[in-house]
Amino acid sequence: MDRNMHNFGKRKEERYNLKTPAKITVYDGPNASLEKAIYYLTTRNVCSGGAYFPTEHNFKQGVRVDVDMNLNLTLSPKMGKKHSSVQLSGQIIRVDHGGIAIQFGKHYKILPVVREN
């Protein structure tokens, strides 16, 4: 994971170039409580406040989403591969021709590390 050290103006958090798979659940309806669709995307970059996901799907700015990001860890060859998951909610704050930016909410859950056999 490389740190992106450019000055991004308004950005408060440091951004990391990180490609990790994620399940994005999009909500719609009154009080944004009805599940509308599920997408499987990969992040392009991540910071503590959000992530950018390249995609060709059509999304609406402002909708609520749940994000389940898979983190694959290789601590050492002897320990093998492990993976964990971060579950959080957020909102699509930007839609452009190349993808979407999701701003993370304050509540999240980190699931335990599981060793692959």
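Heads up: the structure comes first, above all this text.
Just so we're clear, the structure is a prediction, and the values are computed from it rather than from any experiment.

### Remarks on the overall build of the protein chain
Okay, step 1: A tally of regular secondary structure across the protein chain gives zero helices and nine strands.
Okay, step 2: Put simply, the protein chain runs from its N terminus to its C terminus through helices and strands in the order β-β-β-β-β-β-β-β-β.
Okay, step 3: A sequence separation of at least 24 residues applies to 53% of the contacts in the protein chain between residues at least 6 apart.
Okay, step 4: For the protein chain, the accessible surface area stands at approximately 8300 Å², while carbon and sulfur atoms represent 51% of it.

### Comments concerning the environment of D96
Okay, step 1: Mapped onto the fold, D96 is located in strand β8 (residues 80–96).
Okay, step 2: Each C-alpha atom of the pair D96 and F59 lies 9.4 Å from the other, and the pair is 37 residues apart in sequence.
Okay, step 3: Within the structure, the side chain of D96 is placed 2.8 Å from the side chain of Y52, a separation counted as a polar contact.
Okay, step 4: A distance of 2.8 Å separates a polar side-chain atom of D96 from the backbone nitrogen of G99.

### As for the pattern of salt bridges
Okay, step 1: Counted under the stated rule, the structure contains two salt bridges.
Okay, step 2: A salt bridge links D66 to R64; the nearest nitrogen and oxygen atoms lie 3.3 Å apart.
Okay, step 3: With a relative accessible area of 24%, D66 lands in the partly exposed category.
Okay, step 4: Note that R94 is salt-bridged to D96, the shortest N-O span being 3.5 Å.
Okay, step 5: Under the relative-accessibility criterion, D96 is labelled partly exposed at 35%.

### Quick notes on the nonpolar core
Okay, step 1: I24, F53, V67 and I102 are the most contacted members of the largest nonpolar core, which has 20 residues in total.
Okay, step 2: When contributions to this core are tallied by element, the ones reaching two or more residues are β3 (21–28), β4 (34–42), β6 (50–54), β7 (64–76), β8 and β9 (99–115).
Okay, step 3: Contacts of I24, omitting those with residues within four sequence positions, involve A37, I38, Y39, L41, F53, V65, D66, V67 and I102.

### Remarks on the packing of aromatic side chains
Okay, step 1: Counted under the stated rule, the structure contains one aromatic pair.
Okay, step 2: The ring of Y27 has R64 sitting right over it, with the charged end atom 4.0 Å from the ring centre.

### Some remarks on the environment of S89
Okay, step 1: Inspection of the secondary structure puts S89 in strand β8.
Okay, step 2: Exposure remark for S89: the relative accessible area of 24% places this residue in the partly exposed category.
Okay, step 3: Along the primary structure S89 and D68 are separated by 21 residues, whereas in three dimensions their C-alpha atoms are 8.7 Å apart.
Okay, step 4: Here S89 is in contact with R64, V65, D66, Q103, F104, G105 and H107, once residues within four sequence places are set aside.

### Focus: the environment of G50
Okay, step 1: Turning to its location among the elements, G50 is positioned in strand β6.
Okay, step 2: Among the residues examined, G50 registers a relative accessible area of 8% and is labelled buried.
Okay, step 3: Between the C-alpha atoms of G50 and I93, which are 43 residues apart in sequence, the distance is 9.6 Å.
Okay, step 4: Once residues lying within four places of it in the same chain are set aside, the contact partners of G50 are I102, Q103 and F104.

Thresholds, definitions, all that
Residues numbered from 1 in each chain as written. Predicted model: local features only at pLDDT ≥ 70, side-chain atom pairs only at ≥ 80, totals over all residues. Heavy atoms only, no water. Helix = DSSP H or I, 4+ residues; strand = E, 2+ residues; numbered from the N terminus. Contact = heavy atoms within 4.5 Å. Areas by Shrake-Rupley, 256 points an atom, 1.4 Å probe, with all protein chains shown as cover. Polar contact = N/O pair within 3.5 Å; in protein donor to acceptor, adjacent residues only side chain to side chain. Salt bridge = Lys/Arg side-chain N within 4 Å of Asp/Glu carboxyl O. Buried < 20%, exposed > 50% of the residue type's maximum accessible area, 1.4 Å probe, protein only. Core = buried A, V, L, I, M, F, W, Y, C linked by side-chain atoms within 4.5 Å. Phe/Tyr/Trp six-rings, centres within 6.5 Å; stacked < 30°, edge-to-face > 60°. Lys NZ or Arg CZ within 6 Å of the ring centre and 35° of its normal.

Taken by themselves, the reported measurements are silent on function.
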